[in-house]
Amino acid sequence: MLATPTAEKNAYEVALENFDLAADALGLDDSLRAMIKYPERILCVSVPVRMDSGKIVRFEGYRVQHSTTRGPAKGGIRYHPNVTMDEVKALATWMTWKCAVVNIPFGGGKGGVTCNPKALSLGELERLTRRYATAILPLIGPEKDIPAPDVYTTPQIMAWIMDTYSMNVGYPVHGVVTGKPISLGGSLGRNEATGRGVFYTTLSSMQHLKLPLGGARVVVQGFGNAGSIAANLFHQGGAQVIAVSDTRGCIYNAKGLDVPAVIAFKERTGSVAGFPEAQKIAPEELLALDCEVLVPAALENAITADNAHAVRARIIAEAANGPVTPEADRILDQKGVFLIPDILCNAGGVTVSYFEWVQDENHLFWDEQDVNGRLEKVMTRAFSDVLAVHVNKRVNMRLAANMVGIGRVAEANRVRGLYP
Ligand code: NAD
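The rules behind each value
- Throughout this description, residue numbers start from 1 for each chain and increase along the sequence as written.
- Given that the model is predicted, a residue must reach a pLDDT of at least 70 before its local features are reported, and side-chain atom pairs must reach 80 or more before they are shown or counted; all residues, however, enter totals for whole chains, interfaces and linings.
- Side-chain figures throughout are based on the complete set of non-hydrogen atoms in the structure, without hydrogens or water.
- We place a 1 Å grid over just the protein atoms. Points where a 1.4 Å probe fits but has no way out form a cavity, open points with protein on both sides within 12 Å along at least 5 of 7 lines form a pocket, and any residue with an atom within 4 Å of a point lines it.
- Grid points are joined across faces, edges and corners, and a volume is the space filled by probe spheres set on the points.
- Under the grouping applied here, Gly and all other residues not named as nonpolar or charged are polar, the nonpolar ones being Ala, Val, Leu, Ile, Met, Phe, Trp, Tyr, Cys and Pro and the charged ones Asp, Glu, Lys and Arg.
- Throughout, nonpolar core names a set of buried Ala, Val, Leu, Ile, Met, Phe, Trp, Tyr and Cys residues whose side chains join them through atoms within 4.5 Å.
- A simple rule labels every residue: compare its accessible area, found with a 1.4 Å probe on the protein chains alone, to the largest value its type can have, and call it buried under 20%, exposed over 50%, or partly exposed in between.
- A contact between two residues is defined here by any heavy atoms of the two lying within 4.5 Å.
- Secondary structure follows DSSP: runs of H or I at least 4 residues long count as helices, runs of E at least 2 residues long count as strands, and numbering of each begins at the N terminus.
- Strands qualify as paired when DSSP identifies two bridges or more between them.
- Helix axes are fitted to C-alpha atoms over the stretch in contact, other axes to C-alpha atoms as well, and angles between N-to-C directions run from 0 to 180 degrees.
- Nearness here has a simple test: a residue counts as near a molecule or strand if at least one of its heavy atoms is within 4 Å of that partner.
- We define a polar contact as two N or O atoms separated by no more than 3.5 Å, with the added condition that, inside protein, one atom must be a possible hydrogen donor and the other a possible acceptor, whereas residues neighbouring each other in sequence contribute only through side-chain atom pairs.
- Accessible surface area values rest on a Shrake-Rupley calculation with a 1.4 Å probe, where residue burial reflects the displayed protein chains alone.
- The cut-offs work like this: below 35 degrees is roughly parallel, past 145 is roughly antiparallel, 65 to 115 is roughly perpendicular, and the gaps in between are oblique.
- Only rings of Phe, Tyr and Trp enter the pairing, Trp through its six-membered ring, and a pair is recorded when the two centres are within 6.5 Å. The plane angle decides the type: under 30 degrees is stacked, over 60 is edge-to-face, the rest tilted.

Colleague: Can you help me understand the layout of surface pockets in this one?
Modeller: Rolled over the atoms, a probe as big as a water molecule pinpoints where empty space is left. By volume, the second largest pocket amounts to about 710 Å³. In terms of lining residues, the second largest pocket is bounded by 34 residues, among which Ala11, Trp94, Glu300, Asn301 and Gly322 are the most central. Partitioned by chemical class, the residues of the lining of the second largest pocket number 17 nonpolar, 10 polar and seven charged.

What follows is the structure, given as structure tokens:
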């Protein structure tokens, strides 16, 4: 059983319950659970910003370090009106297990500012970012806690954080954030990394299920960074991407969409809606299409108890964070859908963030082929580790991924001797 979010249970409570399920399956005792379950450090900050009007507006910001057991805390910064302390705590917790699943030497962290970045001018966004970075300065640093982009934060915002940090210490520190512009110590391949990771883990799933990639029908909800890059890789690999969507519409072509043409169309018009060689379908029809692979790559809670019964995909690849609710998980499980859980499927982004940090710290940069080759190795190994638990322990893939991640953090905690 997986925990179910209800009106009374928020994302953090669900994260705690899912921790207990994995800890039960691993047989962790109460003392060890007490050591690794909860955030190590939580900071809530006031972010006063001078708006273009001259008025000062106060925003609230957070930085949570869930774990530094396996290395510095690592995790993005989100700018969104719905950011709450509990959401940041939940996301920080997931980052801990995600970094452990792909076995990179980081713990988990997350940050956020409750704001609507779309309503801010560029100047306001810069002032908000620099003030927030100053406020969380005591926590961050290349050896302590390394932020990155998340929802509505960009390479430019990472550049401002890097600059604010560097001005405070008096010398340039590239490794304090990842997801930076290439000109400021960013890594080649970082922008494509999440989509690539989705592709590699799906490929591994298809090999496991003995499904050929050639001709496989793929559906992608959310044609943004992760979704469009994954779609293009499926297309290049010979699969048929039959439907894609964004907030403005869903498009379908039974013979397969010309993905590079859809990308060019979206670049020109801002949306996939209206792409000429396709028909328009409704969002609920897209999720219910008969296909080999469904990639939810938009936001959380896309597949719920209300629509999970209609899903006809053989594989669901969770490019987004939390796109399938725990209740939908149970329904999909019963239907025999093979799920690649988010902490495995979308971990390509944090993996190349790790590569970026390694390159920054060593002042030695790799070519793109090198980055992609290393990413493929990490993702396919992580997939095999999770699959082995799924097969040997007869648990679903989500629980298997949590068991791998939480098991590694527990073991690191044990050998560090923090646990008496
Ligand atoms: P993005 O903003 O580039 O793309 C999101 C896309 O989803 C947009 O095209 C948007 O129009 C579309 N969308 C939003 N709501 C939709 C809906 N209801 N129906 C259909 N389309 C909808 O964001 P992204 O970076 O691609 O991130 C997507 C998801 O992947 C998020 O959940 C994010 O947390 C997760 N993720 C991203 C990365 C990364 O490196 N980009 C890493 C890990 C996880």
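So much for the structure itself; the text now carries on.
Colleague: Can you walk me through the nonpolar core in this structure?
Modeller: Where a protein is soluble and globular, its nonpolar side chains tend to be buried together. Residues Phe234, Val244 and Val295 are the most contacted members of the largest nonpolar core, which totals 78 residues. In this structure phenylalanine 234 touches Phe199, Thr202, Leu213, Val218, Ala239, Val241, Val293 and Val295, once residues within four positions along its chain are discounted. Listed in part, the 26 residues of the second largest apolar core include Val47, Leu120, Leu128 and Ile140.

Colleague: I keep staring at empty space enclosed by the protein and nothing clicks. Help me out?
Modeller: By the definition in use, this model includes one cavity of 30 Å³ or more. Of the pockets and cavities examined, the largest cavity occupies roughly 30 Å³. In terms of lining, the largest cavity is formed by Leu91, Trp94, Met95, Lys98, Lys110 and Asn321. The element contributing the most residues to the lining of the largest cavity is helix H3 (residues 85-101), with four residues. For the lining of the largest cavity, the class distribution of residues is three nonpolar, one polar and two charged.

Colleague: For this particular structure, what's the right way to read the sheet that holds strand S8 (residues 249-252)?
Modeller: Taken in spatial order, the seven strands make up an open sheet running S9-S8-S7-S6-S10-S11-S12, and their pairing is mixed. The sheet terminates laterally at strand S9 (279-281) and strand S12 (338-340), the two strands that pair on one side only. Averaged over all pairs of adjacent strands, the angle between their axes in this sheet comes to 25°, without regard to strand direction. Pairing of S8 with S9 involves three bridges; the strand directions are antiparallel. Pairing of cysteine 250 across the sheet is with isoleucine 281, part of S9.

Colleague: When you look at the site of the ligand in this model, what are you seeing that I'm missing?
Modeller: Inspection of the region around the ligand gives 18 residues, with Thr194, Asn225, Ala226, Ala298 and Asn321 positioned closest. The separation between an oxygen atom of the ligand and a polar main-chain atom of asparagine 225 is 2.9 Å. Taking lysine 266, its side chain carries an N or O atom lying 3.2 Å from an oxygen atom of the ligand. Considering the ligand on its own, with 820 Å² of exposed area, one finds that the protein chains cover 71% of that surface. Sorting the residues of the shell around the ligand by element identifies helix H7 (225-236) and strand S7 (240-246) as the ones contributing at least two each. Partitioned by chemical class, the residues of the shell around the ligand number six nonpolar, nine polar and three charged.

Colleague: Can you help me understand the packing of helix H1 (residues 11-26) against H3 in this one?
Modeller: Helix-helix packing is described using two parameters, namely the angle between the two axes and the distance between the axes. At their nearest, the axes of H1 and H3 sit 7 Å apart, and the two run at 30° to each other. Relative to H3, the element H1 is oriented roughly parallel. For the pair formed by H1 and H3, the contact residues are Ala11, Tyr12, Ala15 and Phe19 on the first element and Asp86, Lys89, Ala90, Thr93, Trp94 and Trp97 on the second. Partitioning the contact of H1 with H3 into residue classes produces seven nonpolar, one polar and two charged.

Colleague: Can you help me understand the packing of H7 against helix H8 (residues 259-269) in this one?
Modeller: Viewed as axis vectors pointing N to C, H7 and H8 meet at an angle of 155°, and their least axial separation amounts to 9 Å. Between H7 and H8, the angle falls in the class roughly antiparallel. Each of Ser228, Ala231, Asn232 and His235 in H7 lies in contact with H8, whose residues at this interface are Val259, Pro260 and Ile263.

Colleague: For this particular structure, what's the right way to read the sheet that holds strand S5 (residues 145-149)?
Modeller: One key point about sheets: their strands pair by backbone hydrogen bonds, in either a parallel or an antiparallel sense. Taking strand neighbours across the sheet as the criterion, the five strands line up as S1-S2-S4-S3-S5 in an open arrangement whose pairing is mixed. Only two strands of the sheet have a single neighbouring strand rather than two, namely strand S1 (41-50) and S5. Direction aside, neighbouring strands of the sheet carry axes that sit 20° apart on average. In the sheet, S1 pairs with strand S2 (residues 56-67) via 10 bridges, with the strands oriented antiparallel. Paired with valine 45 across the two strands is glycine 61, which belongs to S2.

Colleague: Would you mind going over the packing of aromatic side chains with me for this structure?
Modeller: Where two aromatic rings form a pair, the distance of their centres and the angle of their planes describe that pair. Applying the stated criterion across every chain yields a total of 10 aromatic pairs. Relative to tryptophan 357, the ring of phenylalanine 106 has its centre 5.0 Å away and its plane inclined at 65°; by these criteria the two rings are edge-to-face. Of this pair, phenylalanine 106 sits in the loop between H3 and strand S4 (108-114) while tryptophan 357 sits in helix H12 (residues 348-362), and the two are 251 residues apart along the sequence. The buried category is assigned to phenylalanine 106, whose relative accessible area is 0%. On the basis of relative accessibility, which here comes to 14%, the residue tryptophan 357 falls in the buried class.

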